[in-house]
Amino acid sequence: MKERAENKGFRAALAHRDFRLLLASLATSGIGDWFYNVALVVYILEVTGSPGWVAAASAGRLAPYVLFGSIGGVLADRYDRRATMVMTDIARAVLMLALAIVVIIEAPVVIAIVLAFLSTAAGTPFFPAAAAVTPSVVDEKSLAPANALITTVDSVAIAAGPALAGLLLTVAASPVVAFVINAVTFALSALFLGRVSPPPRISPEEAGEHRSMRQQLIEGASAITSSTSILLLIVLIVAAAFTYGEEGVLYPLVAEQRLGIGTEGVGFLFAAIGVGGVLAAGVVNRAVAFPRPALILTAGSLLSAAPFFVLPFTNSPALAYVLVAIEGGSFIFIDVLTTTLMQRSVRESVMARVFGILDSVAVLGTVLGAAFIPPVLGALGLESSLLLSGGILVALTLLCAPKLFAIDRATDRRRRELAPRADALERLDIFEGMGRQTLESLAATVSEETLSRGDVLIREGDDADDFFVIRSGTMEVLSAGETGRDPVKVRDLGAGDYAGEIGLIEKIPRTATVRATGDTVVFRIQGQAFLDAVSIAPTVSSALSAGIAGRLARTHPSYKPQVREARG
């Protein structure tokens with residue numbers, strides 16, 4: 001029964017055409033990237049025979065994430081996110097072809113490293129843009145399954161990409177083919193993204209075109225530092241990244257010295273991480289729906305430390321594979337849960353910047369983890385280094401856990417307080433299909449107002465500020481329209497009807513006056529909160545689009561609405 005529920009969640013996410021295209025893009029470019037990573041290492045090692053050059057290439061691939069990841073997030077927020085991803089794919093495809101030419105003409109290896117650096121730098125806006133786009137291409141209830149599917153694709157790429165690259169290099173005996181294939185995958189990714197529905201038009205103010213990149217970066221950092229919960233989530237992600245960096249150094253030694261499978265066996269250990277992620281993806285949806293995420297995050301982080309405490313005392317490859325697979329599954333729980341919680345908590349307008357900063361600090365964590373281990377190995381040896389690495393992860397988790405559980409309790413209390421208003425919003429036709437989390441966010445901004453006969457709620461020509469839902473009573477809508485003559489009655493409103501959406505969504509002055517015709521109670525909802533909710537609720541957006549077009553046709557027939565049908 002549970003398995004059917006999980007599958008239903010995945011099917012619901014895949015029912016959205018734009019999400020299918022996004023997932024196809026991530027799958028093709030992800031597998032191609034692993035082709036490229038392996039081929040680049042093989043090529044440089046064959047040409048130079050120097051581990052130092054291989055390390056330089058690895059640094060060249062990772063450094064742009066640390067240096068430019070945050071800037072990539074700014075670019076993804078500043079411009080059309082879909083177009084940004086397409087342009088990054090095209091740039092990377094061209095650079096991969098250039099890398100193939102470098103190999104063919106036997107140019108200096110430093111040029112290959114420079115091209116690898118530029119390829120990564122060009123791709124820095126892609127991850128934050130994809131993370132910010134995902135909530136807009138699925139409904140809220142499908143957000144966690146969508147993130148699980150994205151993480152599953154990533155895990156499959158980690159597991160299958162190196163193996164396919166090894167097979168390809170064995171058959172083709174040249175990294176040129178791998179570089180060309182990666183260029184093709186980027187081109188395919190761009191084609192998939194090009195078919196994603198264009199995003200809604202946003203104003204220059206929302207896009208940040210009038211603010212400097214530095215100001216926009218500060219806004220993204222403020223969105224993180226102003227939220228204790230977001231900070232804690234990022235700490236857990238960075239701790240997992242630090243651990244992954246340690247593993248890159250430790251697992252080859254474990255494979256050779258403890259398990260007796262040789263350094264070539266390390267590929268199987270890392271493949272086991274991917275396999276564990278794929279297996280865990282089938283149940284991770286339930287973790288996101290669990291009312292106390294702190295318990296899942298704490299348990300997942302502690303469980304991911306298990307290999308470090310067992311590998312020093314075992315010589316069994318089978319047990320090692322199982323432990324590492326469990327670790328991979330735990331990482332998936334942390335990744336999907338933290339990503340979904342951040343997507344639900346961060347304002348849509350700064351979301352890419354937050355994920356860009358996350359990308360930078362996570363990769364920095366990986367680099368620091370890899371740099372931390374060599375001197376520790378020299379001082380303590382392999383077994384003690386493994387135990388110390390596990391201990392660091394456990395210590396960080398336990399330090400974060402009390403605050404995470406405190407936030408859980410506060411969130412639960414707040415949820416109970418908001419329940420009556422969220423229930424009232426949920427019963428309204430206009431909010432049909434909106435997720436509970438979004439309804440609660442709206443409920444937090446609601447103020448209840450009472451009007452008497454003749455009181456004006458909205459006045460034609462005023463600036464648009466808030467959105468209103470009529471709880472009880474009756475109101476009338478009057479508009480002078482485009483004639484400029486005396487206002488005429490357009491329609492009546494009753495319980496369950498709403499007003500104020502046109503000015504907010506179209507960003508124009510109020511198009512009509514709304515006046516009470518008897519004792520009336522209304523919910524006033526903050527305008528920005530309403531717009532943020534609509535942006536991640538396709539069914540609500542679709543209903544509003546149809547209503548706006550119909551209402552403007554009666555009062556302002558020459559005006560062409562900028563809203564469009566929601567994507568699905």
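Now for a look at the structure at hand. In this convention, every chain numbers its residues from 1, walking through the sequence in written order. Local features in this predicted model are restricted to residues of pLDDT 70 or higher, and side-chain atom pairs are both shown and tallied only at a pLDDT of 80 or more, whereas totals for entire chains, interfaces and linings draw on every residue. Only hydrogens and water are removed before side-chain values are computed, so all heavy atoms of the structure are retained for them.

When helix 14 (residues 293–303) is considered as a whole, its buried residues turn out to be Pro293, Ala294, Leu297, Thr298, Gly300 and Ser301. The buried residues of helix 14 all sit within an arc of 165 degrees when viewed along its axis, so they share a single face. Whether two residues are in contact is decided by their heavy atoms: any pair within 4.5 Å suffices. The numbering of helices and of strands both runs from the N terminus, where a helix is a DSSP run of H or I of at least 4 residues and a strand a run of E of at least 2. Those residues of helix 14 that are buried are in contact with helix 11 (228–258), helix 16 (317–345) and helix 18 (382–426). We call a residue buried when its accessible area falls under 20% of the maximum for its residue type, exposed when it is over 50%, and partly exposed in between, using a 1.4 Å probe and counting protein chains only. Along the arc lie the directions from the helix axis toward the C-beta atoms.

Right, let's get into the sheet that holds strand 4 (residues 475–479). Strands were regarded as paired on the criterion that DSSP finds at least two bridges between them. Strand order in the open sheet formed by four strands is 2-7-4-5, and the pairing between neighbours is antiparallel. Looking at which strands have only one partner, the edges of the open sheet turn out to be strand 2 (456–458) and strand 5 (488–493). Put simply, the sheet's adjacent strands are angled 30 degrees from each other on average, direction ignored. Lines are fitted to the C-alpha atoms to define the axes, a helix being fitted only along its stretch in contact, and any angle between axes, read from their N-to-C directions, falls within 0 to 180 degrees.

Salt bridge, as used here: a side-chain nitrogen of Lys or Arg that lies within 4 Å of a carboxyl oxygen of Asp or Glu. If you walk through the whole model with that rule in mind, you get 13 salt bridges. Note that arginine 524 is salt-bridged to glutamate 449, the shortest N-O span being 2.5 Å. Here arginine 524 is found in strand 8 (residues 520–526), whereas its partner glutamate 449 is found in strand 1 (residues 447–451), with 75 residues between them in sequence. Note on glutamate 449: relative accessible area 24%, which makes it partly exposed. Two residues, glutamate 476 and arginine 515, come together in a salt bridge whose shortest N-O distance is 2.5 Å. One end of the pair, glutamate 476, is in strand 4; the other, arginine 515, is in strand 7 (residues 513–516), and 39 residues separate them in sequence. By relative accessible area, which is 12% here, glutamate 476 ends up buried. Salt bridges sharing partners connect three or more residues here, namely Asp77, Arg81, Glu219 and Arg353.

As a further point, take the sheet that holds strand 8. Pairing is antiparallel in the open sheet, where four strands are placed in the order 1-8-3-6. Lying at the two open borders of the sheet, with one neighbouring strand each, are strand 1 and strand 6 (498–499). In this structure, strand 1 lies alongside strand 8, joined through five bridges in antiparallel fashion. Residue pairing across strands places leucine 451 opposite threonine 520, the latter belonging to strand 8. The sheet contacts of helix 18 involve strand 1, strand 3 (466–472) and strand 8, and relative to strand 8 the element is tilted by about 100 degrees.

To continue, consider the packing of helix 11 against helix 18. As a packed pair, helix 11 and helix 18 sit with axes 10 Å apart at the nearest point and diverge in direction by 165 degrees. Viewed along their axes, helix 11 and helix 18 adopt a mutual orientation that is roughly antiparallel. In this structure, helix 11 crosses over helix 18, and the sense of that crossing is left-handed. Across the contact of helix 11 with helix 18, the residue classes tally to 15 nonpolar, six polar and four charged. An angle counts as roughly parallel when it lies under 35 degrees, as roughly antiparallel when it exceeds 145, as roughly perpendicular when it falls between 65 and 115, and as oblique in every other case. Crossing handedness is defined as follows: a turn of the near helix away from the far one that is anticlockwise and smaller than a right angle gives a left-handed crossing, while the clockwise case is right-handed. For this scheme, ten residues count as nonpolar: Ala, Val, Leu, Ile, Met, Phe, Trp, Tyr, Cys and Pro. Four count as charged, namely Asp, Glu, Lys and Arg, and the remainder, Gly too, count as polar.

Function cannot be inferred from these measures alone, as they are strictly geometric.
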